[in-house]
Amino acid sequence: MDRKQHWAYPLLTRPGLSRAQLLAHFQHEYAVYVRDFPVLLARALGQVPPVSDVRVSLAENLFEEQTGGLSRTAPHPELFLRMMEGLGFGRALFEDGATRLHENALLYRDWLFEESARGPWQAAVALLTIFVEGSVHERAELTGTFVRPHPAEAARRHPLVVHYGCPEEAMQLTRAHAAVEGGHRVDAWRIVASHVPERGEIEARIVSTCQRALGLWLAYRDGVAERMGLSREQAA
Ligand SMILES: [Fe+2]
């Protein structure tokens with residue numbers, strides 16, 4: 001997770017991107033993992049044996065992602081589209097076929113679909129709840145040195161609000177994540193750590209799955225940067 005960092009990321013938090021560049025980024029994010037994340041979780045849950053704490057945790061996560069019921073908001077893919085409307089990007093721009101996705105984006109998305117339903121279940125669960133949902137801040141978050149901003153503060157300081165004119169009211173997704181995601185991070189690591197024997201075959205499968213995910217994700221982000229016309233010099 002320490003390496004889940006892409007060179008173009010700093011450019012996404014600064015002013016200066018064109019509308020077309022922003023749109024290309026968000027169209028990819030939506031199609032690759034935002035729209036179908038609840039379904040990916042459901043696929044992983046579908047292969048979990050009767051281990052109650054794991055099923056409960058995944059079901060809670062799935063419930064929040066597909067309904068927004070814990071944060072009392074709405075389905076997270078819907079919250080994403082509301083955030084896009086706040087930027088002035090209508091829903092039709094996010095429908096299938098509205099844009100041609102980069103081939104690396106399709107490779108990563110298809111692989112996530114396959115892996116989420118492939119055993120061992122611990123590898124699928126780690127892939128989704130640690131790699132996909134987690135960030136480069138994972139280690140700091142678990143040790144308590146990374147403190148999540150308060151939901152309202154997270155929305156107010158978001159680059160889309162500060163630099164790109166998105167109204168704070170449209171940032172429900174950011175608020176929902178700030179409200180519930182901290183608990184998900186702790187749950188994700190607890191589940192994996194408590195149901196995987198150390199130095200065994202399953203641990204090796206988890207590590208190889210997440211390393212493959214990192215490679216495919218970096219290639220995906222390279223593809224999006226290419227579509228946005230970004231260069232490493234700009235990001236330096
Ligand atoms: Fe979410």
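Right, let's walk through the structure included here. Counting starts from 1 at the beginning of each chain's written sequence and moves along it residue by residue. Residue-level local features of this predicted model are given only where pLDDT is at least 70; pairs of side-chain atoms are given and counted only at 80 or more, and the full residue set underlies all totals for whole chains, interfaces and linings. Working from all heavy atoms in the structure, the side-chain values ignore hydrogens and water.

## Overview of the coordination of the iron ion
In plain terms, the rule: Metal sites are built from N, O and S donor atoms within 2.8 Å, or 3.2 Å for Na, K and Ca, and they leave out water, so they may look incomplete. Labels for metal geometry use angle windows, namely 85 to 135 degrees for all angles of a four-donor tetrahedral site, and for square planar (four donors) or octahedral (six donors) sites opposite donors over 155 degrees apart plus all others within 65 to 115; sites meeting none of these are irregular. By definition, any uninterrupted DSSP run of H or I lasting at least four residues is a helix, any uninterrupted run of E lasting at least two residues is a strand, and each is numbered from the N terminus. Burial classes: relative accessible area under 20% of the type maximum marks a residue as buried, over 50% as exposed, and values in between as partly exposed (1.4 Å probe, protein chains only).
Taken together, E65 (OE), E65 (OE), H76 (ND1) and H177 (NE2) make up the full set of protein donors to the iron ion, lying 2.2 to 2.6 Å away. Taken together, the four donor atoms coordinating the iron ion span angles of 50 to 173° at the metal, a pattern that classifies the geometry as irregular. Summarised as a motif, the one-chain spacing of the donors to the iron ion is E-x10-H-x100-H. On the criterion of sequence distance, the pair formed by E65 in helix 4 (residues 52–67) and H177 in helix 11 (residues 172–194) is long-range, its members being 112 residues apart. Residue E65 is classed as buried on the basis of its relative accessible area of 5%. On the basis of relative accessibility, which here comes to 27%, the residue H177 falls in the partly exposed class.

## Brief notes about the environment of W189
Stated formally: Contacts are assigned to residue pairs that have any heavy atoms within 4.5 Å of one another.
Here W189 shows up in helix 11. Judged by its relative accessible area of 32%, W189 is partly exposed. Linking W189 and F94, residues 95 residues apart in sequence, is a C-alpha distance of 32 Å. Beyond its immediate chain neighbours, meaning those up to four positions away, W189 contacts M1, I130, E138 and L142.

## Regarding the pattern of salt bridges
Rule in force here: Whenever Lys or Arg places a side-chain nitrogen within 4 Å of a carboxyl oxygen from Asp or Glu, that contact is recorded as a salt bridge.
In this structure the tally under the stated criterion is 16 salt bridges. Note that R185 and E138 form a salt bridge whose closest N and O atoms lie 2.5 Å from each other. On the criterion of sequence distance, the pair formed by R185 in helix 11 and E138 in helix 8 (residues 138–143) is long-range, its members being 47 residues apart. In this pair, the class of R185 matches that of E138, namely buried. Across the pair E141 and R148 runs a salt bridge whose closest N-O atoms are separated by 2.5 Å. Under the relative-accessibility criterion, E141 is labelled buried at 14%. Overall, the relative accessible area of 30% leaves R148 in the partly exposed class.

## Considering the packing of helix 2 (residues 19–34) against helix 6 (residues 103–116)
Here is the rule: A fitted line through C-alpha atoms represents every axis, and for helices the fit uses only the stretch in contact; the resulting angles, taken between N-to-C directions, go from 0 to 180 degrees. Small angles under 35 degrees read as roughly parallel and large ones over 145 as roughly antiparallel, with 65 to 115 read as roughly perpendicular and the rest as oblique. In this classification, the charged set is Asp, Glu, Lys and Arg, the nonpolar set is Ala, Val, Leu, Ile, Met, Phe, Trp, Tyr, Cys and Pro, and all remaining amino acids, among them Gly, are polar.
Between helix 2 and helix 6, the shortest axis-to-axis distance is 9 Å and the interhelical angle comes to 20°. Classified by the angle their axes make, helix 2 and helix 6 are roughly parallel. Across the interface between the two elements, H28, A31, V32 and Y33 from helix 2 touch A105, Y108, R109 and L112 from helix 6. Taken together, the residues that form the contact of helix 2 with helix 6 break down as six nonpolar, one polar and one charged.

None of this, on its own, says anything about what the molecule does.
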